[in-house]
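# Close look at the chain arrangement
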Amino acid sequence: MLDAKPAAKPVKTLVEVRGLKMYFPIHTGLLRAHTGDVKAVDDVSFDILEGETLGLVGESGCGKSTCGRALIRLYDITSGSVKIDGTEIGHADQTRLRKMRPTMQMVFQDPQASLNPRMTVADIISEPLSEHTTLSKTDKLKRIYELMDAVGLNRRFANRYPHEFSGGQRQRIGIARALALNPKFIVCDEPIAALDVSIQAQVVNLLEQLQDEFGLTYLFISHDLSMVRHIADRIAVMYLGKMVELGPRDPVYDSPLHPYTEALLSAVPEPDPSLEKTRERIILKGDVPSPANPPKGCNFCTRCPKVMDICRQIEPEFREAEPGRFVACHLYDQNNKTTAGATGGTEADNEHFQQGETK
Ligand code: SF4
């Protein structure tokens, strides 16, 4: 059984995202004319505070993985700004990006697919060291052993190949590789989804332990809402390429603001059997619309149980409905005193997205 994570008070913003768009062009016809775009991430703004874990949740296809990859520039973004530790990387050239690589790393979902089967564990972990450092052979081996110790892999396995390990051990190799260059920020993209349930908690506990030890900041992308509740300080919810809600973990889980978050969380089983009996599941009707052709107005209006006329006409702004809690929904228009929009990178925005009152 996992223990609740102790409260943390992060201090500064490490990752600052403003108006991030990641569109994939659609080409059709003989001439491959550009006829539209899949709007995988559509004008998303948020901050990640140093030392915190931001849980990014949503159904598959909502754009959460694309968002994570765009943040560390595994994709060339369509527009917007991404600053990591004060450095703009959203539109940085390859030379600058290469310099920034050690700061930001990724742990992938499928450790089997993300590790080269022809390389030994030592080769895999030392790859980023060879690429970005001038360490001698002896120092490199020392570092490999340090990293293997940190992730709980026996040093004797350094010359073995990925297929000789279990799924959990392979994920540890992936984590060791991600840690090799002392990153500050790690995007964990569904890091436990491909693992047996019995192993999942071990990997999550390892990630938490490494976060404490090395002061890491995580974007933890997952569809496992129970696991996200355990590990995250704040929660961001995406639907159809947009961020619909962002706030501290417990308030979001206990009293979600956005109707989509409400529906999503109503599907999470309660560990307490008496509460589980009274849990009301909200079943959303209809399919998720295509991100190539999202509905007019609020992109959730085709499925929302609380839809109003205005929702089909005007897109709701993503703004602060309660201190530290952001939502994109017309239900909160009246109550909301905040006039700042969700994008633009003004000073007011910066303050808004830096709500650090976690837990
Ligand atoms: Fe539902 Fe309207 Fe809010 Fe969208 S804006 S989530 S359709 S109530």
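Presented here is a report on the structure given in the accompanying data block. (Residues numbered from 1 in each chain as written. Predicted model: local features only at pLDDT ≥ 70, side-chain atom pairs only at ≥ 80, totals over all residues. Heavy atoms only, no water.)

Another aspect to go through is the overall build of the protein. In terms of regular secondary structure, the protein is built from twelve helices and twelve strands. Sequence-distant contacts in the protein: of pairs separated by 6 or more residues, those separated by 24 or more amount to 65%. Only carbon and sulfur atoms are counted for the fraction: they give 50% of the accessible area of the protein, which is about 17100 Å². (Helix = DSSP H or I, 4+ residues; strand = E, 2+ residues; numbered from the N terminus. Contact = heavy atoms within 4.5 Å. Areas by Shrake-Rupley, 256 points an atom, 1.4 Å probe, with all protein chains shown as cover.)

So, on to the packing of helix α4 (residues 121-132) against helix α6 (residues 167-179). Helix packing for two helices is described by the angle between their axes and how far apart those axes are. Running from N to C, α4 and α6 cross one another at 30°; their axes reach a closest spacing of 7 Å. Comparing the axis directions of α4 and α6 gives the class roughly parallel. For the element pair α4 and α6, the recorded crossing hand is right-handed. Only I173, A176 and R177 of α6 make contact with α4, whose side of the interface consists of V121, I124, I125 and P128. (Axes fitted to C-alpha atoms, helices over the stretch in contact; angles between N-to-C directions. Parallel < 35°, antiparallel > 145°, perpendicular 65-115°, else oblique. Left-handed = near helix turned anticlockwise from the far one by under 90°.)

Now for the pattern of salt bridges. Tallied over the entire structure, the rule returns 20 salt bridges. Among the ionic pairs, E59 bridges to R303, the shortest N-O distance being 3.5 Å. Of the two residues, E59 sits in the loop between β3 (53-57) and α1 (64-71) while R303 sits in the loop between α11 (273-278) and β11 (318-322), which places them 244 residues apart along the sequence. R303 sits in the buried class, given a relative accessible area of 9%. Where K242 meets E315, a salt bridge forms, and the shortest distance between an N and an O atom there is 2.8 Å. Of this pair, K242 sits in strand β10 (residues 242-248) while E315 sits in the loop between α11 and β11; the two residues are 73 residues apart in sequence, bridging distant segments of the chain. Accessibility expressed as a relative area gives 16% for K242, which makes it buried. Of the residues examined, E315 reaches a relative accessible area of 45% and is grouped as partly exposed. (Salt bridge = Lys/Arg side-chain N within 4 Å of Asp/Glu carboxyl O. Buried < 20%, exposed > 50% of the residue type's maximum accessible area, 1.4 Å probe, protein only.)

Let us look at the sheet that holds strand β1 (residues 13-28). Across the sheet, which stays open at both edges, the four strands sit in the order β2-β1-β4-β5 with antiparallel pairing between neighbours. If you trace the sheet from one side to the other, it starts and ends with β2 (33-49) and β5 (87-88), each paired once. Where strand β4 (residues 79-84) lies against β5, two bridges are found, and the strand directions are antiparallel. Within the sheet, the bridge partner assigned to K83 lies in β5 and is E88. This element, α1, spans β1, β2 and β4 of the sheet and lies at about 115° to β1. (Pairing = 2+ DSSP bridges.)

Judged by nonpolar contacts, the single largest core of 60 residues is most densely connected at I175 and L210. Setting aside anything within four residues of it in sequence, one finds L210 in contact with A150, V151, I175, L179, G215, L216 and Y218. Among the nonpolar cores identified, the runner-up in size contains 36 residues, and V44, L54, M238 and M243 belong to it. (Core = buried A, V, L, I, M, F, W, Y, C linked by side-chain atoms within 4.5 Å.)

The next thing to look at is unusual backbone geometry. The backbone of N182 sits at a positive phi, close to 55°, despite the residue not being glycine. With a phi close to 45°, E190 is a non-glycine residue in the positive phi region. Within the secondary structure, E190 sits in the loop between β7 (185-189) and α7 (197-214).

This brings us to a nonpolar patch on the surface. Nonpolar side chains collect at one region of the surface, where M308, I310, I314 and L331 lie side by side and expose about 290 Å² of accessible area between them. Inspection of the secondary structure assignment puts M308 in the loop between α11 and β11. In this structure M308 comes out as partly exposed when scored by relative accessible area, which is 30%. (Patch = residues over 30% accessible without salt bridge, like charges linked within 9 Å, V, L, I, M, F, W, Y side chains within 5 Å.)

Here we take up the pairing of strand β12 (residues 325-328). Burial along β12 is two-sided: the residues R325 and V327 and F326 and A328 are all buried. The pairing of β10 with β12 spans two bridges and is antiparallel. By the bridge assignment for β12, E245 is matched with V327. Relative to β12, β11 runs antiparallel, the two being bridged by four bridges. Residue pairing for β12: E320 is matched across the bridge by F326. Following β11, the chain reverses through two residues before pairing antiparallel with β12; G324 in that reversal takes a positive phi of roughly 80°.

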